[in-house]
Structures are given as structure tokens and as C-alpha cells.
Amino acid sequence: MAVTTQGTHLDPWQDAYAAKADNLRESEIRALFAVVSRPEVVSLAGGMPNITDLPLAELAASAQDLIRTHGTQALQYGSGQGWPDFLESIAEVMAAEGTIADPGNIAVTTGSQQAIDIMTQLFVDPGDIVLAESPSYVGALGVFAAQQAEVRHVPMDSDGLIPQALEEAIVTARKEGRAVKFLYTIPNFQNPCGMSMTIERRGEITEICRKHHLLIVEDNPYGLLGFDGQTYPALATLWPEGVVYLGSFSKIFAPGFRCGWVYAPASIRKKVVLALESAVLSPSMVGQMALHAYLRDYDWIGQIAAYRSMYRSRRDAMIQALNDYLPDASWNVPDGGFYTWVKAPEGINTKAMLPRAVAGLVAYTSGTAFYADGQGTDHMRLSFCYPPEDEIREGVRRIALVMNREREIHNIFED
Ligand code: PMP
């Protein structure tokens, strides 16, 4: 086998891959994972939830009981669409946000990430257009790139997606003779911006999509994490025939189960189930049954309330640190979710600065991760979900130090 001078093995199957394998990209966040996992680095980069306060002893007892009493069912294959009892539990979770969903329209996925992948496989041919917020979730952009979609970003303001800009994007693409397949949106506590779409905007956005017969993929992993307990109506309630809603247990409980769901109009749900069967045969029964037991036996709404207040304190620590250390940057103050979207001071390129930040023992995600077209060098996403408050503060302090050094160097070369 050939070996490079760095000692890495070349891939002997290089020429055997399908052309589309070329479109798989490591996300900027995963690329950083190994480095930022080092304990001395404060990571404000990833979106890992803080699950340290989960009732582990109770969960362990519940899992043990599940295997002992229902082991042969839990360890067996299940239905491709998901276990019917669990579909009912999911409908209850959706009801907590005010969405009345028929369990027959739900299908269980391996996290909402798989749901994004399946929706893209089902609807997007290479070269088709997907509309997404500007900026948008890096993991969805990776899927869209892998399936060779062209992503067009639609600008937002503080109320969410701008309706006129959305309509213009649809009309322009269609005038160009291009197929626009869906609008991908994260209306609640958006990743990476932390912003939510106002109720009025929800009406306008769904109306435009209805008028132009454009499917909406509504991705909502953070909807129950409003810091004041506030929730918003799902786009799927405003236009049930035209919205495919994606939910997830990752942020409101724990990501380790890798459990999400699709709530879709009947015809689309049928195709989703076929795609799921082709991908995984059936979702994990043991995972579904354990989650079902958690939702049945445990005060999961109370757990979400505890999460909300913990994330609120971390948000406060982040904002305080930004005020103290980065007065010439600007940022939004999110009222839910995991993220702050920071505009760097003039002259700072967040992508170029990142290796020096990591050398300075702090990591963030460069704004460029959240655009399909290279924008975002003037922004960074700071997550306040995982590190405790003192580390959040220390992380922001380190970013400020790196930025100051960056500007000193810049000034020297300018002079
Ligand atoms: N959508 C958004 C907006 C996300 O932030 C994430 C996780 N970071 C996902 C989907 C995927 O979540 P999961 O697959 O764990 O449900």
C-alpha cells in the first residue's frame, strides 16, 4: 500500500467510489472534534446538550426492568414506521407545543438528522434547489451538498425569514427553469442564530409556500427550550398538507438514543417509511421502548423545565462574558436553544482565526460552516449548551485575547 511522506495510507479504493461520494464533506464542527475534546480546550463549538443532571439511576432501573420484562420484544426487529405505542408518546410530546398530531402520520427516525437525509433523498435530484435560512444548520447543509442540491439562502431579520425575499427566491429560481424542492427552516431558537420566527411571519411564510406549491421542511429540535417556557405554533399546524415536521429527543432528553421523528402528510409519510425500511429496516426497538418508558414513568416535562433554567443561566453567563470581554463585537440575545450568533469586530476573519483560537485553548464554530456559499467569515457561533458557566466565561475571555492579538498583527501589517 502506498504511504505518503506524512505516513498516512492512501485509500486503495480511491477509484472505486461512486462520483457522489465526492460530495461527502466533513463538517467544520466534526473536523474540530478531536482537538476540542481535549480537556484544556474550552469548546464553545459543538451543540452537545448538557445531560449531566439526568436521573441516571432511575434510567438504569427502567432499562433493566424493560429488558427483564419485555426483553424479547425490545431486542427484536420492529415495524419500519416505529412502534405504535411510541408513536402515541411522540404525539403527546408534540401536544406539549400545541401541535395535535395523528400518530398515524408519524414515523420514527435515527435522530432528526436521518429525517433531513431521507427528505432530501426523496425530493432532491442533483442540481435541484433547496431554500434555507441565511445562515442555516451545518448538518443539513452537509446533507444537501451530499445529495448535490444547490442551496439558496433566504435572508432573515429579527422576525425570522423575510417573506418578500422568500417569494423572490422562489420566483427567480423558477424563472431560471430550476426545480425548487423545498424550504428548509428551523423556526424555533434557530441553529446557529438562536432566533425564532414570529407568529405573524409563520402565517406569511406558509402562505407564500402554499401559493407557490413549495413544500416546507420544518426542523424543530429546540421548540420546547424557550427560556420562559414560551412555545410557538408549528408551521405544520398552519398548513398540514404542505409541511413535513421533524422532531427530536436529542435536546429535550438525550441524543444517545439517536431518536427523532417525521410528522408528515399521509402520502409523504408513506414514502418516508419506505425509505426508512430501505435504510434501517426498523428503528431500534430497545431505544423506542426505553424512551416510551421514560415518557410514561418520569416527569419529562419537569426535566425539560430543568433544562430550560440551566440553559438560561448558561445563556446569561455567555451574554455577560460577551459584554465584559468583547464590547466591540455584536450579538443577539437568544431566548431559547443553545446558541449565540456573534458578529466579530471589523477586520476579524473568524475562519482564519480559528486555528489560532484553538492554539489559545478555545474553540468556536466559524460562521462559514452555516452557509453553502462561503459567506460568514465575519461571524461565529458560540454554544452555551455544554460547558459550565465559569468555562463559558473563560472561553469568551480567551476568544477576546486571540482577537486582540489578531488585530495587533493586522495593524502591524497595515502600518
Ligand atoms: N436539526 C438541527 C437544527 C440541529 O441543531 C440538530 C443537532 N445539532 C439536528 C437537526 C440533528 O439532531 P438529532 O439527529 O440528534 O435529532
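Residues numbered from 1 in each chain as written. Predicted model: local features only at pLDDT ≥ 70, side-chain atom pairs only at ≥ 80, totals over all residues. Heavy atoms only, no water.

Draft legend 1. Spotlight on the overall build of the chain. Along the backbone of the chain there are 13 helices and 14 strands. Taken over the C-alpha trace, the chain has a radius of gyration of 22 Å; the compact-globule value for 415 residues is 22 Å, and the two agree within 12%. Counting only C-alpha atoms, the chain reaches 70 × 60 × 60 Å along its principal axes. The buried share of the chain, taken over its 415 residues, is 52%. Residue pairs at least 24 apart in sequence account for 75% of intrachain contacts in the chain once pairs closer than 6 positions are excluded. Accessible area of the chain: about 18700 Å², with a carbon and sulfur share of 54%. One way to put it: in the chain the 33 positive side-chain charges average out to a point 2 Å from where the 49 negative ones average out. (Helix = DSSP H or I, 4+ residues; strand = E, 2+ residues; numbered from the N terminus. Rg over C-alpha atoms; globule rule 2.2 N^0.38 Å. Buried < 20%, exposed > 50% of the residue type's maximum accessible area, 1.4 Å probe, protein only. Contact = heavy atoms within 4.5 Å. Areas by Shrake-Rupley, 256 points an atom, 1.4 Å probe, with all protein chains shown as cover. Lys, Arg positive; Asp, Glu negative; His and termini not counted. Charge placed at Lys NZ, Arg CZ, Asp CG, Glu CD.)

Draft legend 2. Layout of the pattern of salt bridges. Scanning all chains against the criterion turns up 18 salt bridges. When the shortest N-O distance is used, the salt bridge between Asp316 and Arg315 registers 2.9 Å. Exposure remark for Asp316: the relative accessible area of 37% places this residue in the partly exposed category. Residues Glu394 and Arg397 are paired through a salt bridge, measuring 2.9 Å at the closest nitrogen-oxygen approach. One end of the pair, Glu394, and the other, Arg397, are both in helix H13 (residues 389-414), three residues apart, so they sit about a helical turn from each other. A residue is classified by how much of its surface remains accessible, and Glu394, at 22% relative accessible area, is partly exposed. Each member of the salt-bridge network shares a partner with another, and the members are Glu150, Arg152, Glu176 and Arg178. (Salt bridge = Lys/Arg side-chain N within 4 Å of Asp/Glu carboxyl O.)

Draft legend 3. Quick look at the packing of helix H4 (residues 111-123) against helix H9 (residues 266-280). Following both chains from N to C, one finds H4 and H9 inclined at 110°, their axes separated by 10 Å at the closest point. Judged on the interaxial angle alone, H9 and H4 are roughly perpendicular. As for the relative orientation of H4 and H9, their crossing is right-handed in sense. Here Gln114, Ile118, Met119, Leu122 and Phe123 of H4 lie close against H9, whose contacting residues are Ile268, Lys271, Val272, Ala275, Leu276, Ala279 and Val280. Its residues assigned to classes, the contact of H4 with H9 comprises 10 nonpolar, one polar and one charged. (Axes fitted to C-alpha atoms, helices over the stretch in contact; angles between N-to-C directions. Parallel < 35°, antiparallel > 145°, perpendicular 65-115°, else oblique. Left-handed = near helix turned anticlockwise from the far one by under 90°. Nonpolar A, V, L, I, M, F, W, Y, C, P; charged D, E, K, R; others polar.)

Draft legend 4. Layout of helix H10 (residues 285-297). Taking 1.5 Å of rise per residue, 13 residues should cover 18 Å, and H10 covers 18 Å from first to last C-alpha, within 8% of that figure. Across the 13 residues that make up H10, a large majority, 10, are buried. Among all positions of H10, only Met285, Gly287, Gln288, Met289, Ala290, Leu291, His292, Ala293, Tyr294 and Leu295 are buried. For H10, the secondary structure elements touched by its buried residues are helix H2 (56-74), helix H3 (84-95), strand S2 (106-109) and helix H11 (300-325). Put simply, Ser284 is the residue that caps the front of H10, since its side-chain oxygen is 3.5 Å from the backbone nitrogen of Val286. (Expected span 1.5 Å × (residues − 1). Polar contact = N/O pair within 3.5 Å; in protein donor to acceptor, adjacent residues only side chain to side chain.)

Draft legend 5. Fine view of the site of the ligand. Taken together, 13 residues surround the ligand, and among them Ser112, Asp219, Tyr222, Ser248 and Ser250 come closest. Here an oxygen atom of the ligand and a side-chain polar atom of Tyr222 are 2.6 Å apart. For the ligand, the accessible surface in isolation is 400 Å², of which the surrounding protein chains cover 92%. By residue number, the principal contributor to the shell around the ligand is H4, which donates three residues. Broken down by class, the residue content of the shell around the ligand amounts to four nonpolar, six polar and three charged. (Near = heavy atom within 4 Å.)

Draft legend 6. Spotlight on the pairing of strand S6 (residues 180-185). Of all six residues in S6, five are buried; the element is thus mostly enclosed. One ladder, built from four bridges, connects strand S3 (residues 129-134) with S6; its direction is parallel. By the bridge assignment for S6, Leu131 is matched with Leu183. In this sheet, strand S7 (residues 215-219) lies alongside S6 in parallel orientation, the contact comprising four bridges. Directly across from Tyr184, in S7, lies its bridge partner Val217. Handedness of the crossover joining S6 and S7 through helix H7 (residues 199-211): right-handed. (Pairing = 2+ DSSP bridges. Right-handed = clockwise from strand over helix to strand, strands pointing away.)

Draft legend 7. Highlighting the sheet that holds S3. The strand order across the open sheet built from eight strands is S2-S9-S8-S7-S6-S3-S4-S5, with neighbouring strands paired in mixed fashion. The strands lining the two open edges of the sheet, one partner per strand, are S2 and strand S5 (160-161). H4 contacts S2, S6, S7, strand S8 (243-248) and strand S9 (260-263) of the sheet and is inclined by roughly 155° relative to S8.

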